[in-house]
Every structure is written in C-alpha cells, then in structure tokens.
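Fold and contact review
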Amino acid sequence: MTIDRKSAMTAMAALAPAVRAVKEWDKFLSKAKTERIEPEQFAAFVPLLFAKIYIPRTYLADLLLRPTKKDKYTMQMPVLLYLQVLLDQKLVDLSSVLKALYRCSTLHKYSPTGTTAGAGEGNGDQQQGPEQQKKQKPTPIRWEMNCSKEECIFRRLERLISQGNGIKNARAAIDVGKGMIHWMALFSGAAAAFSRDAFGAIHSVRAKIEMEDSRTAFSMLLLSVCENNFVLSVLSKQSARVLRKQLSKSLDSFIASMMQSQPDIAGRLELFRGQTLASFEPADKKKDAAVSDMSSYMDNLIGLDNFQVPEIPIVNSRAGLYIYLNAALVGRPMVDDSALYTYLHNRYQGDLQTTAIQLVLASFDVLANAIFRNESNKTGHLLKSYLVNKVPLILGSFAASSGMYAAFNAEFCITEALGQVDTNVFPTLSGMFDMPNTNSTLQESVRQDFCFACQLHGLLSQTAIESLLGDITYQSLPDEGRYVKETLVQQCLEDAERTQKLIGELDNMNGNVGAAAQAITEVIGTLCRNKETMTLKQLCSQLASKPLSLDILLLFDKPLKILHPLCELLDNWKYDEDQGEYQPVYEEFGSILLLLLAFVYRYNLTPTDLGIRSSDSFVGKLLSTGHLSRPLDELNEQDKSHLGGWIQGLFGTEGGGLGDELMSSCPPQDFYLLMPTLFHQVVGALTNGGLTEDMLKGGFEYLVDILLLPSLVPAILCLSNHLRTERPQCQSAILKVFQLILLPNSISNEASTMLSSVLNIVANPLENALRSYQRQDPKSQEVEPLLRALKENLLLSRRTGGADHNELESWTSTHGGGLSAAVRHTMQNFNQWAQQPTLNTVPTAYTHRQILAALKMLGARHLLTIIIEELRTQTEAGHGSIAYDVATALVCAPDVTNDASLNAAASLPDETGAFPPQQQRRITLREALKAEAEDWKKLQKTDPALAETVVRLYRRVEAQMALPPPVVPQQVNIFGQAQDDLGAALGVGVGVGVGDDALGDAMMAAAAAAAGDHAGMDAMSLDTSGLPPLDTSGVDLGGLGGGAGDHLGGMSATNSVGGTLDLNDDIFSGLPTGDFNADFGSWDDMNLG
C-alpha cells in the first residue's frame, strides 16, 4: 500500500504527544528509582507531572513495574511504595497493574504456558508466514527472581478490592476478569513445571517456595475478584458468556494445581465455578455446562503427571520381593528372565549388591514359607530347585555384567544374605543332626546345596563355603563339572539315551539343572523339525510321566518355546507314501500328544497360549472341543465310517481287531477327535444292553495299552462331564468304564506308567465329578475305590495357582468380612514382619493363591479398594513407606491366571496376513489402578487424601513395571566357556548365567525393545533419560483488552470483551523509537531530593 507523504506526516504528528509522554515519565521514574526518593516526595511530584503530561494508566503501570537490562534481578522495594502512591492517586488501577506485572513476571521462565504466549516466543508462530515472522516483536525483559515482590503486589491489590476501591464499574470488572484468566494460566503452567521437577534438578527449592507464596496471595486476590458484586453482575449477563467460559476453564486447571496446598481456598473457588458460574447459564444451556464439566474431567486425564503429590520415602522392604517371588512360583513358573531383571532393576535402581542380597534372602524366605505351611514335597520341589538351580545363575549374570561398570562381590552378597537366613529352618552341616525327623525333604541340605551350586558357577570359594556351613564338608562339585548347553545338545542328538539320562537329572540340586533343562528343550525342538518321531516318542513319554520335571523346564524356558514345535508337528502329521506299519505311528503320535496334554492341563493353557492361530489346527480343535461328544447326525460320512470301524475293532465279536486297514484309513488326528463321541456311544450301548460287560472288557484291553492310552484323556474328560448330568442308568455305565480304566485287571509296566501319566492329567476334573456323584448317591460303594486310585495322581494333576476347597473355606469364613478381611489381615502381617525382619526371621505365612482367589471372586476393582483402604490405614499409623512397598508388590505381582505375555504369538498375523481377534482377559490390578489414577480429579473433589494415595501408589507401580533399561548384551552364553567381553549387560560372561535361549535371549529382546542402541550402559544402572519433557502447550492471551479511558491522540486500546491487546506485547512498540534513548537533560538537573 502506498502512503503519501502528507498522510505520514499527519500520523507522526498524532503520535508525537505519546512519544513525549513516555519519554518524560520514563525519565522521571528512572530518576526516582535511582535516587530512591521518599514516597511523600514522589506523591508530591506525580500530580504535577501528570497535569503537565498526561499518560494512560496501562503505560504508567508498565513503566513503573518493568525491569531494565541493567536492573532485572528483582524489583526494588521503593517501587512497591511508588505503586501504592499511584494507586491511591488513581493514576493506575487494578487491571493496568495486573497487565504490567504479568508482562514482566518471573513465572514466565518456569511456565511453558506463559512463555509460548509471549510475543515473539511462539504465539501463533505456526500460523505465520516468513514475512510475518520477520516482524515479530522482541521478547520483553522479565524479572529473574521477583515472585516475592509479586506476592506483595497481589496482597495490596486484594486489600484494594476489600476496601471497595478496586472495581467500581462493569468495564473494570471485565478487564480484571480477563487479567485473572491469564494469571491463572501462568500459575498453572509454573506449578506443572515444578511438579515435573520434583527433586529440584532444574529449578531451585527457593524458587518453588516463592512461587507457592505468590500463588497463595494471588488466590486470595482471585477470591476477592470472584466475590465482587460488580464482577458477579457482569458475569451474569448474556454478553459475558465467552468470559464465563474462559474463566471456568482457567479455574478448572488452577484449582487442580492448588488442591493439595490450599484445599480451603480451592474448595471456595470450586464452589464459585461449579455453582455460581453455572447458575448464570441460561436454562437451555445448563446441559451444555454439564457436558463442559465432563469434558473438563476428560481433559484432566492427560494432566495426571501434573498432579502434585507429597512424596513418602521409598523403602524396599523384605516383604516386597517375597510377595513377587511367591506370585511368580505359585502356579506355572513365571520367572521370566526379562520381566524379572526389569523388576529387579527398577526396584533396586541398579544397585547390584543390594539386589543380589535381597534376591537370595527372598528366595530362602519363599522356601521357608512352604515349610511352615506344611506344603507337600511335590509342591515345594519347584521352590527348592528355583533356589538352588536358578538363583546362582542370576547371581552369575550379575557378576558378569558388573566388571567394567560397578563393583560386585558375589561372595560378600551371598555371605551377607545367608547370615540373615534362619539356621533353625536351614541349618548348617552341624545343625542338620539336631533337626527333628519330618517327612519333608525341603529342608534337607538346602544351605549346602545352594553354596555348592554357587561354587560351581564361580561365585564362592571353598574357604567361603566352609565358613558359611560352619564345618568341613564332604560334599563336592559334580564329577562332570559345569554343564555346557551346546555340548549337551550335541551329545543328546548323537545318543538318545543321553537325553533320557538328562531328564532324570532334572530332579538334581547341584546347579547343573539349568543347562540340562535348556538342552532338553533344544533337543525337543530339533527332533520336531527333523521329524525324528521314534526318538521323540521315548523322550515325551518319559517327560509326561514326571510332572515335576515340567515345572523345572519352565524355570528356564517359556511354554511357547517348548510346546510350539510339538503343536506344529502334530498339526502337520501325515502318513508317509510308503508307510508299511501304522501301529508304531499311532504310538509315536500318542506319546508326543500326551506330553503336550500334560503341559496344557497341568498349567491350564489355552490354544492362544500355545500360539495357535489357525482354525484348522488339530491341537486347537482338540483343546477347544475335544472333550465334547457330537451327535451322530452332525458327523460326516467319513467320520461315521471311522467311528463304526473303531467300535467294531474294539468291541466286535467277529474278530478282525485293530488292523492296519482301520488305522491307515483314519489318521490319528481324526481318531482323537472322535474319542468323546465313541465313548458316549459305548456308554449308551452299555446302558441299553447293546454291549455286554465281556465285550466292554475286551475293548478296554486295547484302550489301556500304550497304542491307545493317550486317547483316554479326552474320553475321561468327556465322561466326567456326563457323570454330573446323565440319568442314573448312564451314570452306572460311566462308573463301570472308569473302573476298567483306573483299576485294570492286567497291564504291562510300560502301559502302567503311561496310564499314570494319563491319570495325572485328568485326576482333578475326574475327582470333582466322582465327588459330585457321591453327593447325589451317598450310599454308592463304587466311588471310594476310584478315589483311592486317584489319590497319588491328585498331587501332580494341577499347578495353576488355584486355591483348594479348604483354603477358600478358611478365607471366606474370616471374622470381620470374609475374604476381604483375610486380604487385609495378610497386608497387616506383611507390615508387621517388614518393620522388624531381623527380629522375626520367620517370614509371614502367605500364599498368593489368596490374592488370585480374591481377584476372581471379588474382581480387580473391589480388591484394589481393599488394598488402598488398608494402605491408608497403615500410612495414618506411621508405616506408610512399608505399606506402600507391600501394596506396590501386590499390584506388580505376576498373575499366572491372567498372563498376557503368553498371547504375544497369537497377536501375529496368520498365513493370510489377517490378525486374529484379541483374547478377552480379566482386568488386572494394575489396569484397575491406572483407571482410578486417571480419574484423580473426581476423587480429589470428594476425597483429596484418597486421590493422593491412589496417584502415589500408581506412580510407584509404574516405576517398578517400567520398560527395561536401554542396553543390549553383546554376547550371552551361560553354560559355555568364559567370555572375555564383560560388556554384556546382565548377560553371562565367565560362563555363568542363564544361557542363549533363556535369560540371554529374553534380556536381549527386552532391552532392545526398550531402548535401541545403548549397549555400553550398565545393565542395572539407573536410567534417568526418562524425565518428562516440559509442556510447551500455549494459552491464547489475545482476549485481554485495554482499559477504559486509555486513549492518546490517534491510538486506542480495545475496550470490548475479547479485545486483542496481548499482555506480552510491548505496549510502546507502536511508537516511533528514533530517539527513545536520547539524553533528557532537563531531568538530569531536577532536584528530586
């Protein structure tokens, strides 16, 4: 646009008075500050100058309160006195002071809200073009430490309003209201910044204290404004709907930031926002106001990190890790290496020495707990093997990872830990002779076995062992030395008998079991891939007969690694084109399937847990519907033909038996899927007289032989279900079938071993069915012999973490609230034990089955409520640090009944690229806690102490469950030769650790997923890279207009609501600046004194 010379001259002439006024007043005020004239003299000069040179209130307040380049640390005290003079003489007013003070406030350097709103600091920069950005105004100079002076000014302004002199008309009410909106945003942003910097790493403690004092003074001023009659009158008008909305939104954030420090004032402000402001909305708008409140709640979900909660000292009590390990070993072993290492790292913040001591101590506590609870030897076998065979490997990995980063003395840690282990429970060599004779083997030579396992892995010297055991021991290291997994695998592939020997060694307590277990898993996978089914048959039959060995395998590998190769083999099993004999094929298939079923039913695994994604999978069908019989009209012709052939072959009287023709026409997969239907037909025929007892016995001679024995698993499961529901005649027939299976007249030794394996799998549901029938017919004499036959198998049938009937009855009958009261008592016992663990070395009696039962019966939310209530009670009693550790451990503890990690493989796409539907899981304690914490604002309004407890617990839980540290081991090899490279984080150099496929791979995967490439860090070092970034969200400050009457020549401030004067703008930027810094000699000669 072209402006003619005459117009330009006119504009300059109009601005000349303003330029002169600013220069003269700035000179006067600078002189007054420099010479520190008395307030009385200042009060005498000001009206004289104002009469001579008029200046708007906004300009005058800014000139008085703004810092200079040479004087910007903090405002001088005389300035506050001069401000009072100007207020008394009404040359400045409330809104002009708020604007001027906001523009140069110290809080801008703490608050990203205020900073981004500043001129030239990003306010709208994203929407500006290059030309507009060139015209950005420079950032105004701001005070560096002025919060204390701002506090004084706020108190003066609050006093001004209380005296009735601050707001006298609607125009002033609007201006002040908009000013308060911007100040609230500034304080909220500063409070959030200090909250993120909880330990004072960025801002000083003094700065935080001064900010809070200033906010307190501002809060009182805000209350005075909100309760002012002029303000209320303006806000009640329809034209103020925008101002009401902005004020409500700002109050929402501001109240949240001060709820903890000033709950009384926050309550009054919330009453104003929720009732007074809401009452001003038109009747048809009140619904919108309610919706706005709900949106406000949702917005605050994002601001959970900004909620300031007073910290309670963190204590890693003896109870915390004890709870975690009990949960990890209560059912299927869940000592997943990556999860365990992550938990230990987060819990002990990278302190390897403390981690090792507490791990050893907690592991002994878990075994001691089993002894005091009179757990059976079969139940405690896993706990003892974990202590002796797993823990030394973990300690060895600590030693290997610490070489170049931190000192780690394994011998010191073990000595320190064993010094706290009760010798009455786990005696030294000399004390073992004084032990009373018990049937339990869990106490036998535990301390000795552990020490020698540690020596095997280079953690203890012979001298240290003698010192720890208190005598010269005659036990020695294994003759074969320390096993190397790779060597064992090679030996097993060359000699099948070596594998069978290794399976027998899984019961050992010598420190070599980890290598043996991983070698067996590796061999299973290799044999499956190579389809060496004859060798695999022997291995699987032997493992299926030893359920306790399955527990040991899962100490060192995940179920998926062991079972997925078996599933693939069984799903893709086909006859060879030149197949000669079919009976060996059935035997091999059945033995392999039996091991799979032993794993699945012992640990209650699902097809999803096994990584099965295809709907055509035989294993998937067998596990999902293989225990259900099908009506004959639902069978296709082929299935009907197969069913008729098997019935005729098993029970026919015309000879023929089970020939190759029948087996060649019916693949083993089809046979196993038909077994429930076949047995249902047999029971029906026996009931109706179509099948005699002699024919039945003849058929079962085949069924209890190794050829078909594994097929009894789906058959027995099917009949167990029918025993509960069928009519009495059918029930009698089913009992006859059970008698022939459980109490056979003649059976070979090999078949007897396999039958025991089958009964181990079905014992639990079969016993439930028999006892249910016994309750229906108490006079029956047929049930007790069957129950006696199952007695030994029941102890090996399940390890799922489920509570038995006696435990449930005990917990639910607890005085004062049943199961809920039992959980509270457990937490109280933990707190009492953890307060003085050295005086009470016996761990508190505990089984995590109680928590799992409460989760199932009460639900996660109800159980969380119980935990939080007890946590609050213990905290109020002065035991908060320990109580939080106990509660955190309960929430973090792994849940064997709801393990999402098993579903990882099932979340991958199938062959067609389609993703299967996600398996629905129950909500966990951690998820329930997260939901409660995200609803913190609602809790805060009804119960501030509860909100504080929930958020503090949530932050503790998330800190302990955070992702692994950013480190990738370079090489992991547990059972191999010593490694020269000690840079592997928590991996195993020097030949000790958990191996490539277990701990090593798990750690590498977890670490890589967490951080990418930080290979040089200590595996257990504290990761401080996760500090939250500063919030850079801005607040639109464009709605604050100028004050009434602030006119000068051709310039005018916007007076309407929603005006465009930005508080961060330089209010003098529109004036010519050619000689603004000129020397004003007339003022130099003036005597102000």
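Residues numbered from 1 in each chain as written. Predicted model: local features only at pLDDT ≥ 70, side-chain atom pairs only at ≥ 80, totals over all residues. Heavy atoms only, no water.

Now for helix 21 (residues 462–469). Buried within helix 21 we find A464, I465, L468 and L469. In a view along the axis of helix 21, the buried residues occupy a sector of 120 degrees, so they form one face of it. Of the exposed residues in helix 21, the ones pointing more than 90 degrees away from its buried face are T463 and S467. The inward-facing, buried residues of helix 21 abut helix 19 (410–418) and helix 20 (446–456). Positive backbone phi, at 75 degrees, marks G470, one or two positions downstream of helix 21. (Buried < 20%, exposed > 50% of the residue type's maximum accessible area, 1.4 Å probe, protein only. Helix = DSSP H or I, 4+ residues; strand = E, 2+ residues; numbered from the N terminus. Arc of directions from axis to C-beta. Contact = heavy atoms within 4.5 Å.)

Right, let's talk about unusual backbone geometry for a bit. Unusually for a residue other than glycine, Q349 sits at a positive phi of about 55 degrees. Residue K531 is not a glycine yet carries a positive backbone phi of 55 degrees. Within the secondary structure layout, K531 lies in the loop between helix 24 (513–530) and helix 25 (533–544).

As a further point, take the pattern of salt bridges. Per the counting criterion, the structure on display carries 31 salt bridges. Across the pair K937 and D252 runs a salt bridge whose closest N-O atoms are separated by 1.9 Å. Taken together, the residues span a long stretch of sequence, with K937 in helix 44 (residues 936–942) and D252 in helix 12 (residues 241–258) at a distance of 685 residues. When its relative accessible area of 4% is taken as the criterion, K937 is described as buried. For D252, a relative accessible area of 6% gives the class buried. Between D336 and K558 there is a salt bridge; the shortest N-O distance is 3.2 Å. With D336 in the loop between helix 15 (318–329) and helix 16 (337–348) and K558 in the loop between helix 26 (547–556) and helix 27 (559–571), this pair connects stretches of sequence that are 222 residues apart. K558 sits in the partly exposed class, given a relative accessible area of 44%. The network of salt bridges with shared partners includes D252, E270, R273, K937 and K941. (Salt bridge = Lys/Arg side-chain N within 4 Å of Asp/Glu carboxyl O.)

The next subject is the packing of aromatic side chains. Counting across every chain of the model gives 34 aromatic pairs. With centroids separated by 5.9 Å and ring planes inclined at 85 degrees, the aromatic side chains of W25 and F28 adopt a geometry described as edge-to-face. In this pair, W25 and F28 are both assigned in helix 1 (residues 5–35), 3 residues apart and thus about one turn of the helix distant. Residue classification places W25 among the buried positions, given a relative accessible area of 0%. The exposure class of F28 is buried, given its relative accessible area of 1%. For the pair Y322 and F830, a centre-to-centre distance of 6.1 Å together with 75 degrees between the ring planes defines the contact as edge-to-face. Residue Y322 is located in helix 15, and its partner F830 is located in helix 39 (residues 819–835); the two are separated by 508 residues in the primary sequence. Accessibility assignment for this pair places Y322 and F830 in one class, buried. (Phe/Tyr/Trp six-rings, centres within 6.5 Å; stacked < 30°, edge-to-face > 60°.)

Our focus in this paragraph is helix 34 (residues 712–725). Along an α-helix, residues three or four positions apart point the same way, because every turn accommodates 3.6 residues. With 14 residues, helix 34 extends 20 Å from end C-alpha to end C-alpha; this agrees with the ideal 20 Å at 1.5 Å per step. The buried fraction of helix 34 is high, at 11 of 14 residues. For helix 34, the complete set of buried residues consists of L712, V713, P714, A715, I716, L717, C718, L719, S720, H722 and L723. (Expected span 1.5 Å × (residues − 1).)

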